[in-house]
Amino acid sequence: MQAITALAHLRAAVLFVSDPSEQCGHSIEQQLHLFNTIRPLFANKPLLFVLNKTDIIRLSELPPEKQELYEPVISDPGISFLQMSTVSEDGVMAVKQEVRFTAQWNAN
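These numbers were taken from a predicted model, which means no experiment stands behind them.

(A) Quick peek at the side chain of Asp 19. For Asp 19, the location among the structural elements is in the loop between β1 (14–18) and α2 (28–38). For Asp 19, a relative accessible area of 6% corresponds to the buried category. For Asp 19, the side chain forms a polar contact with the main-chain nitrogen of Cys 24, separated by 2.9 Å. Here Lys 53 takes part through its side chain, which lies 3.1 Å from a polar atom of the side chain of Asp 19. Apart from the residues within four sequence positions on either side, Asp 19 is in contact with Cys 24, Ile 28, Gln 31, Lys 53 and Tyr 70.

(B) Structural view of the packing of α2 against helix α3 (residues 64–74). One way to put it is that α2 packs onto α3 with a least axis distance of 10 Å and a crossing angle of 10°. In terms of orientation, α2 and α3 fall into the roughly parallel class. In this structure, α2 uses Ile 28, Glu 29, Leu 32 and Phe 35 to contact α3, whose residues at the interface are Lys 66, Leu 69, Tyr 70 and Val 73. Residue composition of the contact of α2 with α3, grouped by class: six nonpolar, no polar and two charged.

(C) Expanded view of α3. Along α3, the residues that are buried comprise Lys 66, Tyr 70 and Val 73. Down the axis of α3, the buried side of the element spans an arc of 30°, and every buried residue falls inside it. Seen from the open side of α3, the exposed residues pointing more than 90 degrees away from its buried face are Pro 64, Glu 65, Glu 68 and Pro 72.

(D) The pairing of strand β2 (residues 47–51), seen in detail. In terms of burial, β2 is largely enclosed, as five of its five residues are buried. Where burial is concerned, the two faces of β2 agree: the one with Leu 47, Phe 49 and Leu 51 and the one with Leu 48 and Val 50 are both buried. Bridging between β1 and β2 involves five bridges; their strand directions are parallel. Considered in β2, the bridge of Val 14 is made with Leu 47. One crossover worth recording links β1 to the parallel β2 by way of α2, and it is right-handed.

Criteria and thresholds
Residues numbered from 1 in each chain as written. Predicted model: local features only at pLDDT ≥ 70, side-chain atom pairs only at ≥ 80, totals over all residues. Heavy atoms only, no water. Helix = DSSP H or I, 4+ residues; strand = E, 2+ residues; numbered from the N terminus. Buried < 20%, exposed > 50% of the residue type's maximum accessible area, 1.4 Å probe, protein only. Polar contact = N/O pair within 3.5 Å; in protein donor to acceptor, adjacent residues only side chain to side chain. Contact = heavy atoms within 4.5 Å. Axes fitted to C-alpha atoms, helices over the stretch in contact; angles between N-to-C directions. Parallel < 35°, antiparallel > 145°, perpendicular 65-115°, else oblique. Nonpolar A, V, L, I, M, F, W, Y, C, P; charged D, E, K, R; others polar. Arc of directions from axis to C-beta. Pairing = 2+ DSSP bridges. Right-handed = clockwise from strand over helix to strand, strands pointing away.

See the structure below:
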């Protein structure tokens with residue numbers, strides 16, 4: 001929590017990575033709870049929410065009740081929502097470009 005609090009004072013974009021496969025040892029519900037808990041600390045920062053591990057499962061392949069858990073994040077205009085796989089590199093370039101764009105926007 002100290003690291004997260006320290007990040008709140010930096011002038012930077014925030015990239016939150018979620019694992020929809022739940023192989024990280026935390027359920028989607030737990031991951032989203034963490035996100036919602038720390039989000040107020042980053043109220044004035046650009047926020048990117050990334051689903052990783054699309055090589056294992058994509059959002060569209062999750063059961064409908066799991067997809068619905070992500071809906072508040074997806075529909076929030078203050079959050080850039082992206083998907084990627086660091087294994088296959090699918091979507092990684094799009095995430096990098098969004099981070100660059102967000103960083104440039106934030107610098108102005």
